[in-house]
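Structural overview
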Protein chains: 2
Amino acid sequence: MERVKPRTLSGFMELLPAQQVQMERVMQVLRETYALYGFYPLDTPLIEASEVLLAKGGGETEKQIYRFQKGDSDLSLRFDLTVPLARYVAQHYGELTFPFRRFQIGKVYRGERAQRGRFREFYQADIDVIGDGKLDIINEAEVPSIIYKTFTSLGLRRFKIRLNNRKVLNGFFAILGLTEKSGDVMRTIDKLEKIGADKVKAVLVDDFAVPGETADELLAFIQTPGGTAGILAALEGYKGKNEVFDQGADELKTVARYMAAFGVPDDHFEIDLTIARGLDYYTGTVYETAMLDHPEIGSICSGGRYDNLAEYYTDKQLPGVGISIGLTRLFYVLGEQGYLNGERNTAPADVLILPMTDDLAPAIELATGLRDAGLRTQLYGEQKKFKHKIGYADKLSVPYVIFLGEDEIAQGVYAVKDMATGEQVKASFDEAVSRIRAGLAAKHAGTVIVDKV
Amino acid sequence: MERVKPRTLSGFMELLPAQQVQMERVMQVLRETYALYGFYPLDTPLIEASEVLLAKGGGETEKQIYRFQKGDSDLSLRFDLTVPLARYVAQHYGELTFPFRRFQIGKVYRGERAQRGRFREFYQADIDVIGDGKLDIINEAEVPSIIYKTFTSLGLRRFKIRLNNRKVLNGFFAILGLTEKSGDVMRTIDKLEKIGADKVKAVLVDDFAVPGETADELLAFIQTPGGTAGILAALEGYKGKNEVFDQGADELKTVARYMAAFGVPDDHFEIDLTIARGLDYYTGTVYETAMLDHPEIGSICSGGRYDNLAEYYTDKQLPGVGISIGLTRLFYVLGEQGYLNGERNTAPADVLILPMTDDLAPAIELATGLRDAGLRTQLYGEQKKFKHKIGYADKLSVPYVIFLGEDEIAQGVYAVKDMATGEQVKASFDEAVSRIRAGLAAKHAGTVIVDKV
């Protein structure tokens, strides 16, 4: 028979079983954390009509999208979870209760140039709160606490959430007479960390005809020192010149004021006026999250406030705030940088039963009993040499093996071996279950990520 | 602005939030049950090279597939989880340990004619055990116990697992001199339940030139009465004529013998010689699962033993046994037939906090405390009338509301309202947490499915 070489496409992550167990743990922590904050789970189709998905149109998106014809239909794979959310909320508006809080963890598709650590199929993990007409600033203040809880639950410690407010920036642009260039100016200062202040000034002056002094003033403003307290104080000094600016300054103050009540320690967030976020649709607070020891990775969780989620689908005003984690890339980076907890067991089973008799009924009854007791159990039924059987438990890192031979059956006991210590004891069923349960608690202790502080 | 009508494609299921909560519960039960049996979770790309996915080629598959060009690449969306598993095992053969046990719950795509209850995007939930060269019959005996545990854990009670063995059928075909027509005969008798014995006979005789007497003999055989015990006894009577038949009869006997040890009650399985399964690649035990009160739905979980999973990708002999649940269709049918447990709370939060003061800090601290205590908590921060706020809790069915006004803050207590009973008490933080936890246990009791026996 002629054979096809088994392979995955370039840019498509596929994990080996033990890695997949770690990935599932990450996803489970995200699901549980989002649920703690009262978000509904949501699932939407991966395929949508191109007309729907590309309603906004334009730019990079359209070039990267997976778009194809099926029969008479022009279809596309989703490239993010925000557009499907906008479509969902507009479509089901009458059946939803607002503020509508949802999380979604799902695959999205972008035909980017393939390179190390960049993926064409990747998971995004998003949360959004959508208001009907209005949405209180308290929602913007709550978001950093969700970011904080998520990453600390995963085990990450050395990270910082950076906040800014688009109204402060746009208001300041207005004070400087740059309102007509605000989009270009915003996108330029967003590159500050990447290209440095000199180049930002050069682009502002050369490409967008911003006067040199104005550019200097802007750069000095966004680089205001003094951390959260210093910046908030400095903002007070600019007040009274522009209404949008004043509103933004008040919002930043409110968000910062509630951080402690939301459980976010001082050293895990800061106001940073250089944070701009490229996307046009943000209108209020914007967020980025940096790993302190790996700034080169860029933001691992970003988002912001927007005033009009679904304008391409409905005339309803639907403001919201949301954040997104690029989960596949994050998992890849955590693995590369040695953050994944290798100590935590990744076996698919807690116990492996090795029957030593021809009649398998006693071993099967034991497996059924252990499963009913909630222990993940495999029964090894292959006709192999003993060495091979025990090697199977070793390779999978199954923590406990139970041998069941004529002697044990006659005595009504089970020979339970702890594979890590090599210790083997004969135990009744109840003793075996307690022993294994107690041992597992230790083997499953610890977070998914280990951050060596 | 010109707007696009928000819509999903025909044949693509999308659930409202409360339904989605139920669907997530079903998936969680599946994940937990499969884990109890020692299966690894697995995730593979939704897109594969068409050459890889269609290596087997042929028939219905190729017509229904979502296939498209992206740049120079000929790509397809997966149409099941078995072909990607075959590719995965062949590709990663050297890095896997056998028997390799994996489950996968994922979306697959088939461009079927759209009709009520049929989906073009749907979840399959598969488990498979793959051996390297050999795989013991014990694995085939274990499968019904996984089906039984899965459906009973979901809450389904009135169902039956039907077993047969392809070797028994093929052996009997050989005894009747029908070996050369075995594929056609197999597919024809697979339609027995749908079209009846007379039509099966007509097809066998008219289309495949089976002599009338032979067809009668075959129909009599597969309809052997007497249930599991009667059929096993009858099979003994045919022994000695064909080696394959004898082997199949022994396998059926072994599988049936271990059912009790595996915890499957007598009334939940039966040997049924009419079960053929259309697919060519089954070679041993085959399974179907019927809902006793809704036979018209067809099998809700099917599968079987195969001898060569990945022959299109590798020369390794990889026998296996697996089953698949068409999850999206099953969920749809359960909903239609009123099986989903409407009593169980589907709120996204356990508690809603209604702050009654301008300073939100005390309410936020309470929310943080409740979340740290593991309670799913929402903080209602919108500026709305009281009636609207309490209406929000009602619409979402949030079971507990905590009011926090000046009085409560001054007294250091919380006004906790049970929304179901209307009962409201003032409680300390710890009392509030215990009270809510105790109440939730009852509100979350019960399975996802309620089978009115």
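All figures in this text were calculated on a predicted structure; none of them were measured in a lab. (Residues numbered from 1 in each chain as written. Chains lettered and ligands numbered in written order. Predicted model: local features only at pLDDT ≥ 70, side-chain atom pairs only at ≥ 80, totals over all residues. Heavy atoms only, no water.)

With respect to the sheet that holds strand E13 (residues 377–379) of chain A
Residues and elements named next belong to chain A.
- Within the open sheet, the five strands sit side by side as E13-E12-E14-E15-E16. Their pairing is mixed. Strands at the two margins of the open sheet, each flanked by one partner only, are E13 and strand E16 (424–427). Across the sheet, the axes of successive neighbouring strands diverge by a mean angle of 25°, strand direction being ignored.
- Relative to E13, strand E12 (residues 351–355) runs parallel, the two sharing three bridges. Along E13, the bridge assignment pairs Ile353 with Leu379.
- Helix H14 (residues 361–372) rests against E12, E13, strand E14 (400–404) and strand E15 (414–418) of the sheet, and its axis sits at about 170° to E13. (Pairing = 2+ DSSP bridges. Helix = DSSP H or I, 4+ residues; strand = E, 2+ residues; numbered from the N terminus. Axes fitted to C-alpha atoms, helices over the stretch in contact; angles between N-to-C directions. Contact = heavy atoms within 4.5 Å.)

Let's talk about the pattern of salt bridges
- For the structure on display, the rule yields 58 salt bridges over all chains.
- With a closest N to O distance of 3.6 Å, Lys160 of chain B and Glu270 of chain B form a salt bridge. Taken together, the residues Lys160 of chain B in strand E7 (residues 159–165) and Glu270 of chain B in strand E8 (residues 269–271) connect sequence positions 110 residues apart. An identical accessibility class is assigned to Lys160 of chain B and Glu270 of chain B; each is buried.
- In this structure, Asp350 of chain B and Arg376 of chain B form a salt bridge, with 2.9 Å as the shortest nitrogen-oxygen distance. Placement of Asp350 of chain B in the loop between helix H13 (327–336) and strand E12 (351–355) and of Arg376 of chain B in the loop between helix H14 (361–372) and strand E13 (377–379) is noted, with a sequence separation of 26 residues between them. For the residue pair Asp350 of chain B and Arg376 of chain B, the accessibility class agrees, reading buried in each case.
- Linked through salt bridges whose partners overlap, the residues forming this network are Lys160, Arg162, Glu270 and Asp272 of chain A. (Salt bridge = Lys/Arg side-chain N within 4 Å of Asp/Glu carboxyl O. Buried < 20%, exposed > 50% of the residue type's maximum accessible area, 1.4 Å probe, protein only.)

Considering the sheet that holds strand E2 (residues 47–49) of chain A
Residues and elements named next belong to chain A.
- Taken together, three strands build an open sheet; the order of strands is E2-E4-E3 and the sheet is antiparallel. Sheet topology places E2 and strand E3 (67–70) at the edges, where each strand pairs with a single neighbour. Pairwise comparison of adjacent strand axes, ignoring direction, gives a mean angle of 40° for this sheet.
- Examined bridge by bridge, E3 and strand E4 (residues 73–77) share four bridges and lie antiparallel to one another. The partner of Gln69 across the bridge, within E4, is Asp74.

Some thoughts on the packing of helix H6 (residues 166–175) of chain B against helix H7 (residues 182–189) of chain B
All names here are of chain B.
- Interaxial distance between H6 and H7 falls to 11 Å at its minimum, and their mutual angle equals 120°. One finds that H6 runs oblique with respect to H7. Between H6 and H7 lies a crossing of right-handed hand. Counted together, Arg166, Leu169, Asn170 and Phe173 of H6 and Ser182, Val185, Met186 and Ile189 of H7 form the full contact between these two elements.
- Classifying every residue of the contact of H6 with H7 by side-chain character gives five nonpolar, two polar and one charged. (Parallel < 35°, antiparallel > 145°, perpendicular 65-115°, else oblique. Left-handed = near helix turned anticlockwise from the far one by under 90°. Nonpolar A, V, L, I, M, F, W, Y, C, P; charged D, E, K, R; others polar.)

A look at unusual backbone geometry
Residue and element names in this part refer to chain A.
- Cis peptide bonds are those with omega within 30 degrees of zero, and the linkage from Phe98 to Pro99 qualifies with -5°.
- One non-glycine residue, Ala209, lies in positive phi territory at about 55°.
- Its place among the elements puts Ala209 in the loop between helix H9 (197–208) and helix H10 (212–222).
- Overall, the relative accessible area of 54% leaves Ala209 in the exposed class.

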